[in-house]
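# Structural characterization, general
In case you want the letters, here they are:
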Amino acid sequence: MSGILKVGGSELINDNGGSGSLQWGTGVPEGTVIQVEHTVNGTLDLGSTTSDYPVASGFKLSITPKYQTSRILVIFNVDVFISGGTLESNKIGKFGIRLNSQSNQTVADKRFSGRYLGTGGDLGSELTLMYLDDHDSTNSQEYELVLGRWSSAYDNTITLNGGGFGKSTITLMEIA
Amino acid sequence: MINISRVLYELGVDEWVLRGTPTSEVEFNEMFRKIIGRDDIGTAIESDNPNDFGVTWDQIVTKQAELQAEYDSKQYQRDRKYPDLGEQFDLLFKDINEGTLDKTGGFYTAIKAVKDAHPKPSE
């Protein structure tokens, strides 16, 4: 009995060299989710900085693509917190995704800001960053959250899972 | 507990990244990095040399204890839940209207009850 299922001449599924576990073949249809990696981190004050964007947070996840031509949908859902600062009413930070396996390129930058009438107030919320990565490789790909102040004009502290509360997640989906 | 970020802020230490919550000098030296520059694509260059940190673990522990003591000393203020302003104004109006704007009036009695329930430590 063959270990390969073909449709229209294309290999859709095989049994991974006879191991018995099924996996997508070389003819997997476009848009198929090949694999998913996911992590949840509820460590408080997971990463903090008082430096300008981008600074590596240490919150990261890797995936090894099965196909060179596939793409990785990268989704960070993070709990962000901005505290301190001497500038009245301005609280502003910046967050993004760093492609650690691709020359540390930073993508999907987003701003998180708010106004507070005073100098002592803190801001907290969640932020979602998404990026579709054409990795063009079957080597392990690592994605890391980077964060920091909007610019040196601001003196706030930017924190991941800050203010005594927070849970952040990373989801990586390899898509054919 | 006052967090380390706040302590560093109060100590005037800037341009750093902290990855976690250290509870010892060893952990602090592992988790803390001083930003000493930028590379050609703008990414922060970090130093893991404690001589670059601009602060020591002992200084952090000392300042943290000081800030915690200050915070704790004001706990009575946070515990005091006064009637909302509308209710206070109503009590004041009634006291004026009834000629009891003194220590026998509703306003004084209500506020005094809250203060007595959560006295200032030195009182």
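Residues numbered from 1 in each chain as written. Chains lettered and ligands numbered in written order. Predicted model: local features only at pLDDT ≥ 70, side-chain atom pairs only at ≥ 80, totals over all residues. Heavy atoms only, no water.

### Things to note about the nonpolar core
A general feature of soluble globular proteins is that nonpolar side chains tend to end up buried together. Counting residues in hydrophobic clusters, the biggest one holds 25 residues, and the most contacted among them are Phe76, Val78, Phe95, Ile97, Tyr143 and Leu172 of chain A. Counting residues per element, the ones that place at least two in this core are β6 (55–63), β7 (71–83), β8 (91–99), β9 (105–114), β10 (123–133), β11 (141–149), β12 (157–160) and β13 (168–175) of chain A. At six residues, the largest contribution of residues to this core is made by β7 of chain A. Residues within four places of Phe95 of chain A in sequence aside, it is in contact with Tyr53, Val80, Ala108, Asp109, Lys110, Phe112, Leu127, Leu129, Leu145, Val146, Leu147 and Ile158 of chain A. Counting 15 residues, the second largest nonpolar core, distinct from the first, contains Ile2, Phe28, Phe32 and Ile60 of chain B. (Core = buried A, V, L, I, M, F, W, Y, C linked by side-chain atoms within 4.5 Å. Buried < 20%, exposed > 50% of the residue type's maximum accessible area, 1.4 Å probe, protein only. Helix = DSSP H or I, 4+ residues; strand = E, 2+ residues; numbered from the N terminus. Contact = heavy atoms within 4.5 Å.)

### Digging into the environment of Asp102 of chain B
Residue and element names in this part refer to chain B. Along the chain, the position of Asp102 falls in the loop between α6 (85–98) and α7 (106–117). Look at Asp102 and you get partly exposed, because its relative accessible area is 39%. Within the local environment of Asp102, its side chain forms a polar contact with the side chain of Thr104, the two groups lying 2.5 Å apart. (Polar contact = N/O pair within 3.5 Å; in protein donor to acceptor, adjacent residues only side chain to side chain.)

### Notes on the pairing of β9 of chain A
All names here are of chain A. The pairing of β8 with β9 spans eight bridges and is antiparallel. Its bridge partner lying in β9, Ile97 is registered against Val107. Counting the residues that bridge the hairpin from β8 to β9 gives five residues, and of these Ser103 lies at a positive phi of roughly 60°. (Pairing = 2+ DSSP bridges.)

### Digging into the packing of α6 of chain B against α7 of chain B
Residue and element names in this part refer to chain B. The interhelical angle for the contact between α6 and α7, taken along N-to-C directions, is 140°, at an axis separation of 7 Å. In this view, α6 runs oblique relative to α7, as classed from their interaxial angle. When α6 is examined against α7, the residues Gln88, Leu91, Leu92 and Asp95 are found in contact with a partner set consisting of Gly106, Phe107, Tyr108, Ala110 and Ile111. Here the residues of the contact of α6 with α7 sort into six nonpolar, two polar and one charged. (Axes fitted to C-alpha atoms, helices over the stretch in contact; angles between N-to-C directions. Parallel < 35°, antiparallel > 145°, perpendicular 65-115°, else oblique. Nonpolar A, V, L, I, M, F, W, Y, C, P; charged D, E, K, R; others polar.)

### A closer look at the sheet that holds β11 of chain A
Residue and element names in this part refer to chain A. Spatially, β6-β11-β8-β9 is the arrangement adopted by the four strands of the open sheet, whose pairing is antiparallel. One side of each edge strand has no neighbouring strand; the edge strands of this open sheet are β6 and β9. With direction set aside, neighbouring strand axes in the sheet form an average angle of 20°.

### Quick notes on the pattern of salt bridges
Overall, the coordinates contain nine salt bridges over all chains when judged by the stated rule. As a salt-bridge pair, Asp14 of chain B and Arg149 of chain A come within 3.0 Å of each other at their nearest N and O atoms. Here the residue Asp14 of chain B occupies a position in the loop between α1 (4–10) and β1 (16–18), and Arg149 of chain A occupies one in strand β11, the pair thus bridging two chains. For Asp14 of chain B, a relative accessible area of 30% corresponds to the partly exposed category. Overall, the relative accessible area of 3% leaves Arg149 of chain A in the buried class. For Glu10 of chain B, the salt bridge goes to Arg6 of chain B, with nearest N and O atoms at 3.1 Å. Taken together, the residues span about one helical turn, with Glu10 of chain B and Arg6 of chain B both in helix α1 at a distance of four residues. The exposure class of Glu10 of chain B is partly exposed, given its relative accessible area of 34%. Overall, the relative accessible area of 36% leaves Arg6 of chain B in the partly exposed class. (Salt bridge = Lys/Arg side-chain N within 4 Å of Asp/Glu carboxyl O.)

### A closer look at helix α4 (residues 57–73) of chain B
Residues and elements named next belong to chain B. Between its terminal C-alpha atoms α4 stretches 24 Å, which fits the 24 Å expected from 17 residues at 1.5 Å a residue. Among all positions of α4, only Trp57, Ile60, Lys63, Gln64, Leu67 and Gln68 are buried. For α4, the angular spread of the buried residues around the axis is 140°, confining them to a single face. Set apart from the buried face of α4 by more than 90 degrees, the exposed residues are Asp58 and Thr62. Packed against the buried residues of α4 are α1 and α2 (25–31). (Expected span 1.5 Å × (residues − 1). Arc of directions from axis to C-beta.)

### Details of the interface of chain B and chain A
Of the residues lining the interface, 19 residues belong to chain B; the matching set on chain A comes to 25 residues. Buried area between chain B and chain A, both sides added, is near 1,500 Å², and the carbon and sulfur share of it is 41%. When residues of chain B are sorted by the area they lose upon contact with chain A, Tyr9, Trp16 and Arg19 of chain B head the list and together hold 31% of the total. In this structure, the connection of chain B to chain A is made through one salt bridge. Residue contributions to the side of chain B that touches chain A peak at three residues, all from β1 of chain B. The sheet contact formed by strand β5 (residues 47–49) of chain A and β1 of chain B spans two bridges and is antiparallel. Bridge pairing links Ser48 of chain A to Leu18 of chain B in β1 of chain B. (Buried area = accessible area lost by both parts, 1.4 Å probe.)

Keep in mind these numbers describe shape, not what the thing actually does.
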